[in-house]
Amino acid sequence: MNLEKLYKTLEGQPKYRIQQAKDGIFKRLAGNWDEVSNISKDLKEKLNKECPLEIDAMIFASRDAKTTKVLITLSDGLQIESVMLAHKDGRHTVCVSTQVGCPLACTFCATGKMGLKRNLEVEEMLEQVLFFSRMLHEEDKRVSNVVFMGMGEPFLNYDHTLKAIGYINEDLGIGARHISVSTSGVIKGIERLSNEKMQINLAVSLHAPNDKLRSELMPINKKFPLRDLLKSVDKYIVKTGRRVMFEYLMIKGVNDSPAQASQLAGLMKKPLYMVNLIAYNPTDVFKPTDKKAIEDFKTILEQEGVGVTQRYSFGADIDAACGQLANKNNCK
Ligand code: SAH
Ligand code: SF4
């Protein structure tokens, strides 16, 4: 899909024609222009050539059927992945990638091992959501939530990410409050987001309660240490009045001790701070914390008065964590 070419093809046409075309993509959720009514045959042919809607994707479904993952091949042959989680309450969350690979090299992350190949285009982000929207549409269901937590660092591809969010919000009709962006701590991006009008949610990947460990796990911490990171989050909160979710992967023997829980509580005991403990999907290097130890860790945070939730890992059997699948397929 290439929206620029679409607009170019429709240049000089009345405004409603552009709206019809956009409705074809975002409301009718067409996979081909032939499916869109009230457009002439000639124009359909032209659009199929200039702005084809097909998405080249391979689907992997987890055994528990809660997680569906797609490996999408882009026009230059590079591959990205996107995941959809089906929740018990009927919601469907799509996890979107923003880059092919990632330059930030967190040691626990499969995407980090790939390095950065390139930023994704706006359309390449949209296609990830459209793919699942089309799939659900056939069952009369819809994507209800979108999280930018797939491969890559959204704030290193800020403009494209925010443009994609604009389409997802306005054209796909997913409420801003149901859209979240996760950053590993790119302060400039947090500052810019605090000036946006859209009420989207901010998540920050923390994963460690002190600079020493965080710098070991996440090299970006050497550039933006915890003090500066949390200061920028505080400014964001003052400006927006919105909650911020701190993600904390539970990695066995690395960041999951009771002492580390207390240290984390010290950082997180602030209004509008929330901690989300996430079960780690095992990789060659690290293993997940046991359930019992996660519970103990959570209890310490709760006793200290920190807002804490827990996210169980989805789809470990299809490597549903960030970057694991594209990496296995030797992403070109
Ligand atoms: N670069 C951004 C955006 C998402 S990264 C960020 O770091 O916040 C993808 C998310 O997947 C991060 O929260 C990361 O911590 C998580 N992740 C990476 N490897 C994982 C694994 N093996 N198991 C579970 N989550 C993982
Ligand atoms: Fe990049 Fe996020 Fe993975 Fe770190 S965790 S390497 S920032 S994608």
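Source: prediction; values computed, not measured.

## Examining the sheet that holds strand β11 (residues 273–279)
And then number 1: Reading across the sheet, the 10 strands line up as β1-β2-β3-β4-β7-β8-β9-β10-β11-β12 and stay open at both edges, with mixed pairing between neighbours. Across the chains shown, the open sheet's two edge strands, defined by having one partner strand only, are β1 (57–61) and β12 (307–311). With direction set aside, neighbouring strand axes in the sheet form an average angle of 25°.
And then number 2: Inspection of the sheet shows strand β3 (residues 79–86) paired to strand β4 (residues 92–95) by 4 bridges, in the antiparallel sense. The residue of β4 that forms the bridge with Leu-85 is Thr-93.
And then number 3: The strands touched by helix α11 (residues 291–303) within the sheet are β10 (244–250), β11 and β12, with β12 carrying the most contacts at an inclination of about 160°.

## Comments concerning the site of ligand 2
And then number 1: Every residue near ligand 2 is listed here: Cys-102, Leu-104, Ala-105, Cys-106, Phe-108, Cys-109, Gly-112, Gly-152 and Ser-184.
And then number 2: Grouping the constituent residues of the shell around ligand 2 by class yields 6 nonpolar, 3 polar and no charged.

## Some remarks on the pattern of salt bridges
Any two side chains of opposite charge can pair, on the condition that their charged atoms come close.
And then number 1: Considering all chains together, one arrives at 14 salt bridges under this definition.
And then number 2: One salt bridge in this structure joins Asp-171 and Lys-22, with 3.5 Å as the shortest N-O distance. Linking Asp-171 in the loop between α5 (158–170) and β8 (179–183) with Lys-22 in helix α2 (residues 15–26), this pair joins segments that are 149 residues apart in sequence.
And then number 3: Judged by its relative accessible area of 11%, Asp-171 falls in the buried class.
And then number 4: The class for Lys-22 is buried, based on a relative accessible area of 17%.
And then number 5: Taking the shortest distance from any N to any O, the salt bridge between Glu-304 and Lys-269 comes out at 3.3 Å. Placement of Glu-304 in the loop between α11 and β12 and of Lys-269 in the loop between α10 (258–268) and β11 is noted, with a sequence separation of 35 residues between them.
And then number 6: Take Glu-304: its relative accessible area is 34%, and that puts it in the partly exposed class.
And then number 7: Salt bridges here are not isolated pairs; linked through shared partners, they connect Asp-76, Arg-118 and Glu-124.

## Observations regarding unusual backbone geometry
Glycine aside, residues mostly have negative phi, and peptide bonds are mostly found in the trans state.
And then number 1: Non-glycine residue Asn-38 carries a positive phi angle of around 50°.
And then number 2: Mapped onto the elements of the fold, Asn-38 is located in the loop between α2 and α3 (41–50).
And then number 3: Positive phi, normally seen in glycine, also occurs at Ala-105, with a value near 55°.
And then number 4: With respect to the helices and strands, the residue Ala-105 is situated in the loop between β5 (99–101) and β6 (116–119).
And then number 5: Relative accessible area serves as the criterion here: at 36%, Ala-105 is assigned to the partly exposed category.

## Details of the side chain of Glu-81
And then number 1: Inspection of the secondary structure assignment puts Glu-81 in strand β3.
And then number 2: Look at Glu-81 and you get buried, because its relative accessible area is 4%.

## Thoughts on the nonpolar core
And then number 1: The biggest cluster of nonpolar side chains holds 100 residues, and the ones touching the most others in it are Trp-33 and Phe-108.
And then number 2: If one sorts the elements of this core by residue count, helix α4 (residues 122–137) sits on top with 8 residues.

## Thoughts on the site of ligand 1
And then number 1: In the vicinity of ligand 1, 21 residues are found, and the nearest of them are Gly-152, Ser-182, Ser-205, His-207 and Asn-281.
And then number 2: Taking His-207, its side chain carries an N or O atom lying 2.8 Å from an oxygen atom of ligand 1.
And then number 3: At 2.9 Å from a nitrogen atom of ligand 1 is found a main-chain nitrogen or oxygen belonging to Asn-281.
And then number 4: If ligand 1 stood free it would expose 540 Å²; the protein chains cover 92% of that surface.
And then number 5: Of all elements in the fold, only β8 and β10 reach the threshold of two or more residues within the shell around ligand 1.

Parameters at a glance
- Residues numbered from 1 in each chain as written.
- Chains lettered and ligands numbered in written order.
- Predicted model: local features only at pLDDT ≥ 70, side-chain atom pairs only at ≥ 80, totals over all residues.
- Heavy atoms only, no water.
- Pairing = 2+ DSSP bridges.
- Helix = DSSP H or I, 4+ residues; strand = E, 2+ residues; numbered from the N terminus.
- Axes fitted to C-alpha atoms, helices over the stretch in contact; angles between N-to-C directions.
- Contact = heavy atoms within 4.5 Å.
- Near = heavy atom within 4 Å.
- Nonpolar A, V, L, I, M, F, W, Y, C, P; charged D, E, K, R; others polar.
- Salt bridge = Lys/Arg side-chain N within 4 Å of Asp/Glu carboxyl O.
- Buried < 20%, exposed > 50% of the residue type's maximum accessible area, 1.4 Å probe, protein only.
- Core = buried A, V, L, I, M, F, W, Y, C linked by side-chain atoms within 4.5 Å.
- Polar contact = N/O pair within 3.5 Å; in protein donor to acceptor, adjacent residues only side chain to side chain.
- Areas by Shrake-Rupley, 256 points an atom, 1.4 Å probe, with all protein chains shown as cover.

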